[in-house]
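Observations on the model geometry
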Amino acid sequence: MIRIENISKRYRYNGHESAMILSDINLTIPEGQFVCLLGPSGCGKTTLLNLVAGFIKPSQGRILFNDARVTGPGPERGVVFQDATLFPWLTVRQNVEFGLRQRGLNNNNRTKIATEYLHLVGMALHANAYPHTLSGGMRQRIAIARVLALEPQALLMDEPFSSLDINSREHLQDELLRVWDAHRRTLLYVTHSVEEAVYLADRVIIMGPAPKSICGDMILPLKRPRKHFSDEFRSVIASLRLSLDALPCCIKPSEKKSGRI
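Remember, predicted model here, so these are calculated numbers, not experimental data.

**Quick notes on unusual backbone geometry**
- Looking along the chain, the bond that leaves R224 and enters P225 is cis, with omega of 0°.
- Here P225 lies in the loop between β10 (214-219) and α7 (231-246).
- Located in the positive-phi region is D67, a residue other than glycine, with phi close to 70°.
- Tracing the sequence through the fold places D67 in the loop between β4 (60-65) and β5 (68-69).
- Positive phi, close to 50°, is recorded for E151, a residue that is not glycine.
- Within the secondary structure, E151 is located in the loop between α4 (136-149) and β7 (154-158).
- On the accessibility criterion, E151 (54% relative accessible area) is exposed.

As structure tokens, this is what we get:
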């Protein structure tokens, strides 16, 4: 579904070029696969996600989505950001309906679809609440529902749970897997956590310092549901960490020993 071909990206600041962020990146992501981009801050994970989203353009190369060249944002690619970007003056339901309204759907259809996806993410009881009355995890669920309501073919997520406490992160990881399993959309997910990548993904793309960022590509041999403290789960984490340590271009992401993420 997603083909990244010979992509390079260099930013310009005040008319001057900065160092290369990505250089000659090639990657193919098939339909329905859950892929994590794993690596330390500054390795180009978010830049690569933004290129696939069409928010920025490559300095070189091209990105194809279902064989069509990506030249800008499109409804077939839904994006969930690190912070829930909700309209504070709209209710939960109105936030989810916003994109549907832009598409010209009538009131009955908007309400029906919004209610369906609020049920899917467990927020139907809060449909008439305003974002400021809800927790960070609840707001992020609404952001996910708003994107899913538009029925994108692929979901792009940039560290969506990184600002939440550990318990909220764990719960939303499980909720995300439940939603993904129900619809099996292609999912590209940015994280700096080895454990989160192993818990969520079918496949992990290992990224290291720019610009030659892709250092490894690992298909995870774990069945779902996964147990965080099973021997098999811990073994895959250890193997992935060894892979990171063995690659001279990679920096091992730091994680708190006491937490899952």
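**A few points about the confidence of the model for the chain**
- Scored by pLDDT, the chain comes out at a mean of 88, with 92% of its residues at no less than 70.
- Segment residues 250-261: pLDDT under 50, and 36 contacts once partners within four positions in sequence are set aside and those in other chains are kept.

**A closer look at the pairing of strand β3 (residues 34-38)**
- Burial runs high along β3: five of the five residues are buried.
- Here β3 shows no split at all, with F34, C36 and L38 on one side and V35 and L37 on the other all buried.
- Pairing between β3 and strand β8 (residues 186-191): five bridges, direction parallel. Along β8, the bridge assignment pairs V35 with L188.
- For β3 and strand β9 (residues 203-207), the ladder comprises four bridges, and the chain directions are parallel.

Procedures and definitions
- Residues numbered from 1 in each chain as written.
- Predicted model: local features only at pLDDT ≥ 70, side-chain atom pairs only at ≥ 80, totals over all residues.
- Heavy atoms only, no water.
- Helix = DSSP H or I, 4+ residues; strand = E, 2+ residues; numbered from the N terminus.
- Buried < 20%, exposed > 50% of the residue type's maximum accessible area, 1.4 Å probe, protein only.
- pLDDT = per-residue confidence, 0-100.
- Contact = heavy atoms within 4.5 Å.
- Pairing = 2+ DSSP bridges.

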